[in-house]
Amino acid sequence: GIPACGIAPESRVSEDGLGLLRIGVALDVIRGSCAVLSESAGDEKTPAVARIDLGRDTALVELREGRIRRIVLHHQAYRTSDSLGVGTHISTLMRLPEAVGVTDRNRLYAVSPAYCGLRFMLADPAPPPPSAQSGRAALRRLPGETRTLQLEVVGCTRRRQAGTTG
């Protein structure tokens, strides 16, 4: 059979997506190849969201002007080329080059320039202040058994900004 959404067992998560799900791609472009389970329109405060069947996971896709701007993966089947993803242990993430914590929408993520475009969600809700909200300290304060709960693909802005003006 044809793999769902262009995702085969050997497919890997990259800085801009997985299979046919790519940051910046219009939802209409992938409709023929991906099973869109549900869509919500969104408003000024809430992004439009689509739920897409990937076979072993249902990806949550946030849209801006009909284009994918964030992909949230919940299943450990979908990993980077070196096996990082849902379930990855905090100690592994701490060893990534320049890994730091970032708190966004009351969730704590680990990010590393080595994985530009990917965010490893570790805590929802994020530990409240006085706990560190960002930096190495935010990761060091987490319990040793902490594992990645979600893998978010947001796209590598470093590459996109190159050569653009204003």
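## With respect to the pairing of strand β9 (residues 118-123)
Counting buried positions along β9 gives six out of six residues, so the element sits mostly inside the fold. As paired elements, strand β8 (residues 107-111) and β9 share three bridges and run antiparallel to each other. Note that in β9 the partner of Y109 across the bridge is M121. Counting the residues in the hairpin turn of β8 and β9 gives six residues, including G117, whose phi is positive at 95°. When β9 meets strand β11 (residues 150-153), the two strands line up antiparallel, connected through four bridges. Looking at the pairing, R119 lines up with E152 of β11.

## Observations regarding the pattern of salt bridges
Scanning the entire structure with this criterion turns up 10 salt bridges. With a closest N to O distance of 2.8 Å, E39 and R31 form a salt bridge. Owing to a relative accessible area of 47%, E39 belongs among the partly exposed residues under this scheme. Here R119 and E152 are joined by a salt bridge, their closest N and O atoms 3.0 Å apart.

## Thoughts on the nonpolar core
In terms of nonpolar packing, the biggest core is built from 41 residues, with L21, I52, L54 and L73 touching the most fellow members. Sort the elements by how many residues they give to this core and β9 lands first, with four residues.

Analysis parameters
- Residues numbered from 1 in each chain as written.
- Predicted model: local features only at pLDDT ≥ 70, side-chain atom pairs only at ≥ 80, totals over all residues.
- Heavy atoms only, no water.
- Buried < 20%, exposed > 50% of the residue type's maximum accessible area, 1.4 Å probe, protein only.
- Helix = DSSP H or I, 4+ residues; strand = E, 2+ residues; numbered from the N terminus.
- Pairing = 2+ DSSP bridges.
- Salt bridge = Lys/Arg side-chain N within 4 Å of Asp/Glu carboxyl O.
- Core = buried A, V, L, I, M, F, W, Y, C linked by side-chain atoms within 4.5 Å.

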